[in-house]
Amino acid sequence: MNNSSMNNSNMNIETLLKNLTLEEKASLCSGEDFWHTKAIRRLGIPAVMMCDGPNGLRKQEGDADHLGLNVSVKAVCFPTSSAVAASFDIELSRRLGETLGRECQAENVSMLLGPGVNIKRSPLCGRNFEYYSEDPYQSSQMATAYIQGLQSQGVGACIKHFAANNQESHRQTGDSVVDERTLHEIYLASFEEAVKAGRPWGVMCSYNRINGTFAAENGELLTDILRTRWGYQGMVVTDWGAVKGRVNGILAGLDLEMPGGSGSLINDAKIVKAVQEGSLSMEELDKAVTNVLQFVEKAASQHQDGYIFDRDADYQTAKEAAAECAVLLKNEGSVLPLTRETKTAFIGGFVEKPRIQGSGSSFINSARVPNIAGLIQGNPEIAYARGFAVDAGGTEACSYAGANTQNAEDLDERLLAEAVELAKASEAAVIFAGLPGSFESEGADRTHMDLPANQNRLIAEVIKVQPNTVVVLANGSPVTMPWVDSVPAILEMYLAGDGAGEAAMELLYGEVNPSGKLAESFPLRLEDTSAYLNFPGEKGVVQYKEDIFVGYRYYDKKAMPVLFPFGHGLSYTTFSYSNLTLSADTVKDTETLTVSVTVTNTGAVTGKEVVQLYVGEQNSKVRRPVRELKGFDKIELAPGESRNVTFTLDKRSFAYYETAIHDWFVESACYEISVGSSSRDIRAAAVVQVEGTGYLPLTVSLETSIGELINYPATAAIMEQLIQRSIAQRHGSDSAEAATAAMGEGAGDLVAGAMEMPLGALLSFGVMQEEQLMGLIEMLQSAVNGSGQK
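So, a few notes on the structure that sits alongside this text. (Residues numbered from 1 in each chain as written. Predicted model: local features only at pLDDT ≥ 70, side-chain atom pairs only at ≥ 80, totals over all residues. Heavy atoms only, no water.)

## Here we look at the pattern of salt bridges
Test applied: For salt bridges, the criterion is a side-chain nitrogen of Lys or Arg within 4 Å of an Asp or Glu carboxyl oxygen. Starting at the N terminus, helices and strands are each numbered in turn, a helix being any DSSP run of H or I of at least four residues and a strand any DSSP run of E of at least two. Categorising residues by exposure relies on relative accessible area from a 1.4 Å probe, with only protein chains included: less than 20% of the type maximum marks a residue as buried, more than 50% marks it as exposed, and the intermediate range marks it as partly exposed.
One pass over the structure, following the stated rule, counts 43 salt bridges. Put simply, D286 and K25 hold a salt bridge, and the shortest N to O gap is 2.9 Å. With D286 in helix 10 (residues 282–302) and K25 in helix 2 (residues 22–27), the pair connects residues that are 261 residues apart, well separated along the chain. For the pair D286 and K25, a shared accessibility class is recorded, and that class is buried.

Written as structure tokens, this is what we have:
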């Protein structure tokens with residue numbers, strides 16, 4: 001491939017900084033228009049283009065917007081991130097990134113705005129379809145592969161929305177109030193590994209405040225954490241329109257304001273004025289300009305002519321991905337797969353009007369969207385009944401039956417009756433149900449988890465006359481299923497992109513074996529969710545009071561029943577697990593632990609299984625989940641075939657975020673290593689003793705509890721000696737043997753009761769004189785200091 005005229009790999013940024021005027025430097029900190037950076041032609045600095053993603057290329061020509069309102073070029077819509085996450089397929093995520101990278105090269109696009117890795121705190125978030133998971137480990141692994149795939153083609157990824165952007169309500173001005181441990185352990189962890197391992201060219205800061213400070217001017221977030229702790233060296237760009245105080249933003253670590261245009265010129269002038277007045281140093285401005293120029297240089301030097309946007313080939317990739325992402329939630333009596341000879345009723349408005357993507361800035365102008373109606377046309381064994389209006393009896397129903405509610409209700413009744421009659425006359429029924437596009441969109445949260453009432457009623461009525469009923473769902477996040485106990489088979493397609501229709505047919509008829517797993521829990525009802533009482537907040541402030549207990553961490557901790565658990569997904573075959581082996585019974589947190597397990601296909605057809613590894617600390621001194629995902633691998637096995645699956649666990653696999661040291665910390669404890677087919681389907685487990693090599697800081701005072709000192713390694717021996725001596729003296733002896741005997745006579749209960757007693761109480765109970773106690777405190781503090789922790 002020949003380099004295009006855009007190629008400018010000879011940019012010397014140090015020289016450019018010397019030759020740029022103050023005004024030109026300021027101008028580079030904002031875009032030229034909606035999608036392009038600014039060019040400085042006299043110095044050979046080109047403009048480069050960014051476009052919305054992440055599940056397709058939304059390149060707009062001419063008038064542009066960030067909400068998906070204006071038409072973009074014809075492209076291929078791939079499965080949304082919620083669907084891709086359900087594949088649990090790292091290589092699939094990488095392949096999608098590579099495909100999108102080639103499309104971007106063909107369209108002269110230098111950066112695709114994605115992936116979105118915000119945690120699914122509540123099923124109600126209107127943009128959940130664009131995010132991966134409720135689990136930060138799973139999310140970061142899928143995002144890392146996507147970033148690496150995209151950037152392998154010389155196109156930058158821009159991971160978003162940094163950070164704690166977990167709802168659409170008040171997203172422009174709202175304040176996410178979240179404690180330090182929860183922020184790092186859940187919400188930042190979803191970004192951390194993707195930033196460190198994926199090394200995206202861009203990070204997009206979110207609109208919202210985090211603990212009172214807007215992300216766009218949050219120095220702790222953009223500099224202390226992102227750059228200093230994580231080592232990020234790329235560009236930080238605003239979400240479109242998210243800039244606040246422009247000068248404060250540069251001081252905090254924000255580089256590029258988007259969109260550009262006339263509005264940004266005001267902020268450019270503010271930058272110039274701040275430098276002239278001394279409130280912003282040239283050095284700070286140069287940092288931002290350097291980050292922008294490094295992005296432009298990468299884009300210019302890695303762009304190549306010769307790429308072709310092959311929409312037909314990429315559609316095939318989209319179709320294969322859609323099949324890989326589908327989750328078989330239920331299949332009682334092996335209703336699925338269907339046979340081609342089965343007389344089947346296909347029912348539902350989505351047969352004609354498929355729901356394949358979410359609404360907003362990620363909306364793709366698809367070049368090709370095969371619907372189910374077209375795929376079944378001419379098939380004598382499949383008949384179609386519409387059953388319901390897709391928009392839940394609103395404008396669509398009125399357009400068919402007239403402009404009043406009564407006519408819409410009449411239409412629903414007529415469609416329902418036709419569907420029930422067809423189902424009754426068939427051998428099986430497949431109902432294509434889901435959420436209308438208006439239910440899930442950027443800019444608005446859902447208010448409930450229910451399907452439209454006319455769809456729920458249809459399903460309930462059809463199952464009465466047709467026991468072999470399958471429900472195929474198209475939705476971006478969990479829905480309630482009041483009919484779940486009656487319907488034998490449920491196939492979750494999520495929002496599966498252009499190939500959703502063909503993929504669904506292949507799955508229903510067994511040409512492809514379902515292999516997806518849920519990357520989010522499906523609760524029984526909205527009231528069961530951990531964020532229920534604190535979503536979307538009040539007066540623009542949302543309190544993350546559920547702490548670290550998000551999704552399955554919450555449901556498993558409470559042993560709460562769910563509709564379908566995290567990691568759940570069935571297959572047309574079965575798998576067994578055996579020979580779980582750990583490389584050691586005891587390890588230090590500076591060492592790694594290897595875990596292996598044998599998985600066997602015990603069924604009759606080839607299939608794929610997602611082997612999931614969870615870690616849970618036993619008897620932790622801090623609140624921790626029952627288990628947390630720390631590894632997964634998707635493998636394909638022929639009938640009777642076995643494979644050994646291996647995982648490697650490191651310090652982070654056992655650690656929690658400790659606010660006392662503002663870092664990750666491993667307690668010395670026993671940890672259960674479990675592997676299985678979901679968080680609730682554990683097939684094998686083993687225990688390892690992990691020795692934490694660090695100590696938490698401790699200042700010994702009159703308020704320090706006896707239990708805290710007994711459990712602190714450096715002071716444990718001193719406290720044990722003190723307790724033994726105190727018990728022995730209480731029983732008239734000064735020997736350890738007497739103390740041990742006394743313990744057997746019930747003094748142990750006394751010791752247990754004293755665990756929460758502060759040292760100062762030793763004075764109150766006459767155990768020590770003040771001089772003795774102060775000497776003890778000095779001795780204990782000396783032991784702490786000698787352990788290496790101050």
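Still more to cover.
## With respect to the pairing of strand 25 (residues 681–691)
The two faces of a sheet get side chains in turn, since along a regular strand they alternate between them. What counts, and what does not: For two strands to pair, DSSP has to find at least two bridges joining them.
Where strand 17 (residues 586–588) and strand 25 come together, three bridges link them in parallel fashion. Looking across to strand 25, one finds that T586 is bridged to Q689. Bridge analysis of strand 24 (residues 669–678) against strand 25 gives nine bridges, and the strand direction is antiparallel. Directly across from Y671, in strand 25, lies its bridge partner V688. Connecting strand 24 to the antiparallel partner strand 25 that follows it, the hairpin turn spans two residues.

## Brief notes about unusual backbone geometry
Note the cis peptide between G114 and P115, where omega equals 10 degrees. If you trace the backbone, P115 turns up in the loop between strand 2 (111–113) and helix 5 (136–151). Going from L336 to P337, the amide bond is cis rather than trans, its omega being 0 degrees. For P337, the position within the fold is in the loop between strand 9 (327–331) and strand 10 (344–347). One non-glycine residue with positive phi stands out, namely H170, at about 60 degrees. Structurally, H170 is set in the loop between strand 3 (156–162) and strand 4 (175–177). In this structure H170 comes out as partly exposed when scored by relative accessible area, which is 41%. Even without a glycine there, the phi angle at S334 is positive, about 50 degrees. Tracing the chain through its elements places S334 in the loop between strand 9 and strand 10. Residue S334 is classed as exposed on the basis of its relative accessible area of 56%.

## Side note on the packing of helix 11 (residues 311–325) against helix 16 (residues 500–508)
For any two helices packed against each other, the geometry comes down to the angle between their axes and how far apart the axes lie. Put simply, the rule is: Every angle, taken between N-to-C directions, lies between 0 and 180 degrees, and every axis is a line fitted to C-alpha atoms, over only the stretch in contact when it is a helix. The labels follow the angle: roughly parallel below 35 degrees, roughly antiparallel above 145, roughly perpendicular from 65 to 115, and oblique for the rest. Definitions for this section: a left-handed crossing has its near helix turned counterclockwise from the far helix by less than a right angle. A right-handed crossing has that turn clockwise. Residues count as neighbours in contact if any of their non-hydrogen atoms are within 4.5 Å of one another. In this count, Pro and Cys sit with the nonpolar residues alongside Ala, Val, Leu, Ile, Met, Phe, Trp and Tyr, while Asp, Glu, Lys and Arg are called charged and the others, Gly among them, polar.
Following both chains from N to C, one finds helix 11 and helix 16 inclined at 45 degrees, their axes separated by 8 Å at the closest point. Our classification of the angle between helix 11 and helix 16 gives oblique. As helix 11 runs across helix 16, the sense of the crossing is right-handed. Between helix 11 and helix 16, the residues in contact are Y315, K319, A322 and A323 and A500, E502, A503, E506 and L507, respectively. Looking at the contact of helix 11 with helix 16 residue by residue, the classes come out as six nonpolar, no polar and three charged.

## Focus on the nonpolar core
Rules: The nonpolar core is taken to be a set of buried Ala, Val, Leu, Ile, Met, Phe, Trp, Tyr and Cys residues, with the residues joined through side-chain atoms within 4.5 Å.
In terms of nonpolar packing, the biggest core is built from 181 residues, with F162, F346, I347, M481 and L508 touching the most fellow members. Element by element, the count of residues in this core is highest for helix 10, at eight residues. When sequence neighbours within four positions are dropped, the list of residues in contact with F346 reads I372, I376, I382, A383, Y384, A385, V430, F432, M505, L508 and Y509. Of all hydrophobic cores here, the second largest spans 28 residues; its members include L593, V611, V645 and V675.

## Some words on the packing of aromatic side chains
To be explicit about the condition: Between rings of Phe, Tyr and Trp, where Trp is taken as its six-membered ring, a pair exists when centres lie within 6.5 Å; planes separated by under 30 degrees are stacked, by over 60 edge-to-face, and by other angles tilted.
Under the counting rule described, the total for this entry stands at 18 aromatic pairs. Considering the side-chain rings of W201 and F295, the 6.4 Å spacing of their centres and the 65 degrees angle between planes classify their relative orientation as edge-to-face. One end of the pair, W201, is in the loop between helix 6 (180–198) and strand 5 (202–205); the other, F295, is in helix 10, and 94 residues separate them in sequence. In terms of burial, W201 and F295 fall into one category: buried.

## Here's the deal with the sheet that holds strand 1 (residues 50–52)
Overall, parallel pairing links the five strands, which are arranged 1-2-3-5-8 in an open sheet. A single partner strand is all that each edge strand has here, and the edge strands are strand 1 and strand 8 (235–238). The sheet shows a mean angle of 30 degrees between the axes of neighbouring strands, direction not considered. Two strands pair when backbone bridges link them, and strand 3 and strand 5 are joined in this way by three bridges, in the parallel orientation. Bridge pairing in strand 5 links I159 to V203. Strands in contact with helix 5 are strand 2 and strand 3; relative to strand 3, the strand with the most contacts, it is inclined by about 150 degrees. Taken strand by strand, helix 7 (residues 219–229) contacts strand 3, strand 5 and strand 8, and its axis lies near 150 degrees from that of strand 8.

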